[in-house]
Amino acid sequence: RVAGPCVLVLFGVTGDLARKKLLPAIYDLANRGLLPPGFSLVGFARRDWQDQDFAQLTHDAVKEHARTPFREEVWKQLSEGIFFCPGEFTDDGAFDALAMMLKEIDQTRGTGGNYGFYLSVPPKFFPVVVQQLKRTGLANAPEGSWRRVVIEKPFGHDLRSAQELNAITSAVFPESSVFRIDHYLGKETVQNILALRFANNLFEPIWNRGYVDHVQITMAEDIGIGGRAGYYDGIGAARDVIQNHLLQLLALVAMEDPTSFGADSLRREKEKVLKAVQLPPDLELSTARGRYGPGWQGGEPVAGYTQEDGIPPDSITETYAAVKLEIANRRWAGVPFYLRTGKRLSRRVTEVAVIFQRAPHLPFSKDDTEILGQNALVIRVQPDEGITVRFGSKVPGTAMEVRDVSMDFAYGESFMESSPEAYERLLLDVLIGDPPLFPHQREVELSWKILDPIEDFWATQGPPEEYPSGTWGPTSADEMMARDGREWRRL
Ligand code: BG6
């Protein structure tokens, strides 16, 4: 899989995402030989810059964040195709200049009129940029070439705004040209959920309400909001990651097998399961919210959320969210899916734990099985990528004592190949035009339909419960599990 001739136009080149992820990913693709020789990168931003200034920014970003080693000859070839177009999004002249520049690049570098437009900008700028692409004719692909637009979450703030946003892009680009990035789908371990389930016959027979007690999906971060107050406040943990990353994980874990890994089949199965998701009737009992207070992280004292720069003291935004969901279909009826995410928790870990029912009868004395948990299959998404199976095993000795043990698969030990970074994989898919790993608008809307009632409920509840930074979140989240006679996994 190698990209054909094309230009990637990046709006929002001076942002964090560009510096930490996108520009390094482009270099990594080049380094792995996955970009065509004439590949060109155009940066567009409100800076009084020349091509070499943007090349310098890219160079520094690559040096600091690229996954693959820096090779002078790769950089030299890539940098010959780096261009910069200065301007404001509202400036017609700047977009006319962009159109001219792209034409010239086609002529000098053989890029064939194939353009990807990456909108790494806040959603409030989507309408104006998309309109400019329409006005200049850049959105329309002449026969034999392609035009694609890449948008980053947040895809709206709720169902209504997601639909409005979509109306803006779909008036200009057909759905097949819109690539919505949910970078979790670019992660190797997330794609491996599909391999685990559908390339094996071992797990699928027990992957249902007959054997599974419940599922826990956790995305814990140790970092706070950093410099992102402007984005985060008013959004909160649930909109930031449950609406997208965690519901996508749920969909992959719970969906039926697709007839192929083509975009249509995969999306159809994900949609079906998202459509079947139901909220428990009492949201007070089946959701929990928190926000980090002052505490300790990595041996250092850290500030609480409301002491962070740019956060109003009366903010009611949550930095921790937990929800219990059910899936009303034959496979999952009655099996709760617990989702939790939070910032400034004890450590960074994302995992999906499928917890199985206890054996129906234990022919051992009670004492011998006291330390026996429930069988679990844990998909370790990050940082220690792999899969763990927990099961009871006889303790060596003359008595029949049973204790839990783990069987581990670790990527690093089983494979020599290094995983591409999520953005690297997804950028290549955009340039190739391969859509399975990009959520369809219907998935975005279904996810908002799940979240909107929860957000509406929380909006009436005042500020969230504070938890000390460096702990595992608010007590209300533990109480939520305890009501069901369960516990969060200790990570
Ligand atoms: C982003 C969220 O989508 O994912 C951030 O907006 C979060 O708040 C980030 O920190 C986490 O990504 P990863 O890949 O580090 O788990």
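Keep in mind that this is a model prediction, so the values were computed, not measured.

Definitions and limits used
Residues numbered from 1 in each chain as written. Predicted model: local features only at pLDDT ≥ 70, side-chain atom pairs only at ≥ 80, totals over all residues. Heavy atoms only, no water. Salt bridge = Lys/Arg side-chain N within 4 Å of Asp/Glu carboxyl O. Helix = DSSP H or I, 4+ residues; strand = E, 2+ residues; numbered from the N terminus. Buried < 20%, exposed > 50% of the residue type's maximum accessible area, 1.4 Å probe, protein only. Core = buried A, V, L, I, M, F, W, Y, C linked by side-chain atoms within 4.5 Å. Contact = heavy atoms within 4.5 Å. Pairing = 2+ DSSP bridges. Axes fitted to C-alpha atoms, helices over the stretch in contact; angles between N-to-C directions. Polar contact = N/O pair within 3.5 Å; in protein donor to acceptor, adjacent residues only side chain to side chain.

Some details on the pattern of salt bridges
Consideration 1: Per the counting criterion, the structure on display carries 30 salt bridges.
Consideration 2: For Asp 240, the salt bridge is made with Lys 153, and the minimal N-O distance between the two is 3.1 Å. Pair noted here: Asp 240 is in helix α9 (residues 236-254) and Lys 153 is in the loop between β5 (147-152) and α6 (159-170), with a separation of 87 residues, a long-range link. An identical accessibility class is assigned to Asp 240 and Lys 153; each is buried.
Consideration 3: Between Arg 291 and Glu 466 there is a salt bridge, and its shortest N-O distance comes to 3.6 Å. Taken together, the residues span a long stretch of sequence, with Arg 291 in strand β9 (residues 287-293) and Glu 466 in strand β18 (residues 465-468) at a distance of 175 residues.
Consideration 4: Connected via shared salt-bridge partners are Arg 1, Arg 425, Asp 429 and Asp 434.

Details of the nonpolar core
Consideration 1: One finds Phe 11, Val 42, Leu 98, Phe 117, Leu 119, Phe 337 and Leu 339 to be the most contacted residues of the largest nonpolar core, which totals 148 residues.
Consideration 2: Here the element with the most residues in this core is α9; it accounts for 12 residues.
Consideration 3: In this structure, Val 42 is in contact with Val 7, Leu 8, Val 9, Leu 10, Phe 54, Phe 83, Cys 85, Leu 98, Met 101, Leu 102 and Ile 105, ignoring residues within four places of it in sequence.

Quick word on the sheet that holds strand β3 (residues 82-86)
Consideration 1: Spatial ordering of the open sheet is given by β3-β2-β1-β4-β5-β6, a layout of 6 strands whose pairing is parallel. Of all strands in the sheet, those with a lone pairing partner are β3 and β6 (178-181), marking the two edges. On average, each strand axis in the sheet is inclined to that of its neighbour by 20 degrees, with strand direction left out of account.
Consideration 2: Of the strand pairs in this sheet, strand β1 (residues 7-11) and strand β2 (residues 40-45) are connected by 5 bridges, and their pairing is parallel.

With respect to the environment of Arg 358
Consideration 1: Counting through the fold element by element, Arg 358 comes out in the loop between β14 (349-356) and β15 (376-382).
Consideration 2: When its relative accessible area of 53% is taken as the criterion, Arg 358 is described as exposed.
Consideration 3: Sequence separation between Arg 358 and Met 407 is 49 residues; the distance between their C-alpha atoms is 18 Å.
Consideration 4: Look past the residues within four positions of Arg 358 in its chain and what remains in contact with it is Leu 372, Gly 373 and Gln 374.
Consideration 5: One polar contact links the side chain of Arg 358 to the main-chain carbonyl oxygen of Leu 372, over a distance of 3.5 Å.
Consideration 6: Within the structure, the side chain of Arg 358 is placed 3.4 Å from the backbone oxygen of Gly 373, a separation counted as a polar contact.

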